[in-house]
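Observations on the three-dimensional arrangement
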Amino acid sequence: MHMEKEGGMQMDAVRIIAASRRSLAQANTVHDVLVEAWQAQALAEAIGSHLAIFGPYEVRSRARGLGDASGRFSGGLLCSTATTDGLRAAQLTEIRDVKAVLVGLCQLLREVCEALVGVVISAEEEGMYWTCVEAMDTADESRDHAAGILEKLEVRDRHLA
């Protein structure tokens, strides 16, 4: 499951997830948490899209669902100017271990939801509050899709054993 990318550094999804988890842990404002939620959703979308094309046949339709669900978060409109390093998901070039990536993505999305719950109460305006709520809903839905793909792989592997 290798995808070539012209120019730039090749980056496995596991490393990008780890970097996202570190950045989320360091986020200390509502805006920083929203930026990290947006980064996580973009990563979930990229992983879903990658698996829909290159993933095991049994999970391709579910992977499309992950890509579609993750792509619906509009918080990026608020966050796009705030990321100096750009979108981490744009660095994704390969998924070496599908299960490890899905487990890590589920962890990241759960941590995003937890961080958003922590900051939603400090949102100073109604628009920011609803952006946080939307981000939580989207992260939760994306996590459900990723968990569903993981479950499908585990069922397949039991039948192959």
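Below or above, wherever it landed, is the structure these notes cover.

A look at the overall build of the chain
What the chain contains, in helices and strands, is six helices and two strands. Sorting the 161 residues of the chain into buried and exposed places 46% on the buried side. Contacts in the chain between residues at least 24 apart in sequence constitute 84% of all its contacts with a sequence separation of at least 6. For the chain, the accessible area works out to roughly 8400 Å², and carbon and sulfur atoms hold 51% of it.

Structural notes on the packing of helix α1 (residues 13–26) against helix α2 (residues 30–54)
In contact at an axis separation of 10 Å, α1 and α2 are set at 165° when each is read in the N-to-C sense. With respect to their mutual orientation, α1 and α2 come out roughly antiparallel. Like other packed secondary-structure pairs, α1 and α2 cross with a definite hand, here left-handed. Note on element contacts: α2 touches α1 through Glu36, Leu43 and Ile47, opposite Ala13, Ile16, Ile17, Ser20, Ser23 and Leu24. Looking at the contact of α1 with α2 residue by residue, the classes come out as six nonpolar, two polar and one charged.

About the cut-offs
Residues numbered from 1 in each chain as written. Predicted model: local features only at pLDDT ≥ 70, side-chain atom pairs only at ≥ 80, totals over all residues. Heavy atoms only, no water. Helix = DSSP H or I, 4+ residues; strand = E, 2+ residues; numbered from the N terminus. Buried < 20%, exposed > 50% of the residue type's maximum accessible area, 1.4 Å probe, protein only. Contact = heavy atoms within 4.5 Å. Areas by Shrake-Rupley, 256 points an atom, 1.4 Å probe, with all protein chains shown as cover. Axes fitted to C-alpha atoms, helices over the stretch in contact; angles between N-to-C directions. Parallel < 35°, antiparallel > 145°, perpendicular 65-115°, else oblique. Left-handed = near helix turned anticlockwise from the far one by under 90°. Nonpolar A, V, L, I, M, F, W, Y, C, P; charged D, E, K, R; others polar.

Purely geometric numbers; function is a separate question.
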